[in-house]
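What the coordinates show
Residue strings, one per chain:
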Amino acid sequence: MTRAIILGGSRGIGKAISNSLKSIQMDVFAASKKDVDTSNLDSVKKFLNKYGQTDILVLNTGGPAPKLFPEISEEDWNSYHNQLFLGFCLILQKMKINDGGYIFLISSSVIKEPNPKLIISSAYRAAFTEVFKILSKEYAQKNISCINIAPGPINTDRTQELIEDVEEFKKSLPMKRLGEPQEIGDFIKSIIENEIKYLSGVTINFDGANSNYVF
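Residues numbered from 1 in each chain as written. Predicted model: local features only at pLDDT ≥ 70, side-chain atom pairs only at ≥ 80, totals over all residues. Heavy atoms only, no water.

1. Comments concerning the overall build of the protein
- For the protein, the count of helices and strands is 7 helices and 6 strands.
- Listing the helices and strands of the protein from first to last along the sequence gives β-α-β-α-β-α-β-α-β-α-α-α-β.
- For 215 residues, the compact-globule estimate of 2.2 N^0.38 gives 17 Å, and the C-alpha radius of gyration of the protein, at 17 Å, lies within 12% of that figure.
- Considered along the principal axes of its C-alpha atoms, the protein spans approximately 45 × 40 × 30 Å.
- When burial is assessed residue by residue, the protein has 49% of its 215 residues classed as buried.
- Taking all contacts inside the protein whose residues are at least 6 apart in sequence as the whole, residues at least 24 apart take part in 76%.
- On the protein, roughly 11200 Å² of surface is accessible, and the fraction owed to carbon and sulfur atoms is 50%.
- In the protein, the 25 positive side-chain charges and the 25 negative ones have mean positions that sit 4 Å from each other. (Helix = DSSP H or I, 4+ residues; strand = E, 2+ residues; numbered from the N terminus. Rg over C-alpha atoms; globule rule 2.2 N^0.38 Å. Buried < 20%, exposed > 50% of the residue type's maximum accessible area, 1.4 Å probe, protein only. Contact = heavy atoms within 4.5 Å. Areas by Shrake-Rupley, 256 points an atom, 1.4 Å probe, with all protein chains shown as cover. Lys, Arg positive; Asp, Glu negative; His and termini not counted. Charge placed at Lys NZ, Arg CZ, Asp CG, Glu CD.)

Structure representation (structure tokens):
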């Protein structure tokens, strides 16, 4: 494994993953929104024309602003349908992942515990999780591992935007702190570095015991 493409790789969790993989001398392309905007299908197609093959792919993107159901516009639905679902589908249809590679999906805890203010994210991320699970069986035939990481509260700009009083919120968490992006980056690095392949087709809750669901 020598090459990695990380979507949303210029900030937050994506940047942490990029830094972790660079530390093991991987050739990492950390794609920013300027490189590929998954809400814009023309941008996705141009990106695929330029970057059509890799050993490791990380599917990662930001989410919508919090809105209650009656406030969501048709434009919101269409834009995030592309960003969180269709854009990723096109990438997996067209990009070649080399045999023995890895695909990591950075989703969210809302795929299992929906949030009334994050309905768009809950719906589209859950829908793509279904696609990813189905495809994991096909990728397994080429020894390509598919791992869905569902973060809970992580110390990113996104969390700062969603939570009004972060310091007070931390007190409600089991570990009394937010997770750090680098923890996710190092987790992914350890999987690749140790050539862990049988861990595939799974969704891993990365939330410091914050969730209430079992599976």
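2. Side note on the layout of surface pockets
- In this structure, the largest pocket spans a volume of roughly 1400 Å³.
- Surrounding the largest pocket, 49 residues form its lining, G62, G63, R125, R158 and L162 being those nearest its centre.
- Among the secondary structure elements, those contributing two or more residues to the lining of the largest pocket are α1 (12-22), α3 (74-94), α4 (119-140) and α5 (157-162).
- Ranked by residue count, the leading element in the lining of the largest pocket is α5, at 5 residues.
- The volume enclosed by the second largest pocket comes to roughly 160 Å³.
- Each residue belonging to the lining of the second largest pocket can be placed in one class, and the counts come to 7 nonpolar, 3 polar and 3 charged. (1 Å grid on protein atoms, 1.4 Å probe; cavity = no way out; pocket = protein on both sides within 12 Å on 5 of 7 lines; lining within 4 Å. Points joined across faces, edges and corners; volume = space filled by probe spheres on them. Nonpolar A, V, L, I, M, F, W, Y, C, P; charged D, E, K, R; others polar.)

3. Quick word on the pairing of strand β4 (residues 96-106)
- Taken across its 11 residues, β4 has 9 buried, putting it largely inside the fold.
- The sheet contact formed by strand β3 (residues 53-59) and β4 spans 6 bridges and is parallel. Following the sheet pairing, V58 is matched in β4 by F104.
- The β-α-β motif built from β3, the intervening α3 and the parallel element β4 has right-handed crossover chirality.
- Tracing the backbone out of β4, into α4 and back to the parallel element strand β5 (residues 145-151) gives a crossover that is right-handed. (Pairing = 2+ DSSP bridges. Right-handed = clockwise from strand over helix to strand, strands pointing away.)

4. Considerations on the nonpolar core
- In terms of nonpolar packing, the biggest core is built from 30 residues, with L7, L57, L59, I91, L92, I103 and F128 touching the most fellow members.
- Within the residue set of this core, elements represented by two or more residues are β1 (3-7), α2 (41-50), β3, α3, β4 and α4.
- For this core, the element with the highest residue contribution is α3, accounting for 8 residues.
- Once you skip the residues sitting within four places of it in the chain, I91 turns out to touch L7, T38, V44, L48, L57 and L59. (Core = buried A, V, L, I, M, F, W, Y, C linked by side-chain atoms within 4.5 Å.)

5. Concerning empty space enclosed by the protein
- Inspection of the entire model under this criterion finds 1 cavity of 30 Å³ or more.
- The space that makes up the largest cavity amounts to roughly 40 Å³.
- Lining the largest cavity are L84, F88, L105, I106, S107, R125 and F128.
- Sorting the residues of the lining of the largest cavity by element identifies α3, β4 and α4 as the ones contributing at least two each.
- Across the lining of the largest cavity, the residue classes tally to 5 nonpolar, 1 polar and 1 charged.

6. Digging into the side chain of T129
- By the secondary structure assignment, T129 is in helix α4.
- Look at T129 and you get buried, because its relative accessible area is 14%.
- Discounting residues that sit within four places of it in the chain, T129 has contacts with L105, S107, I111, N148 and T203.

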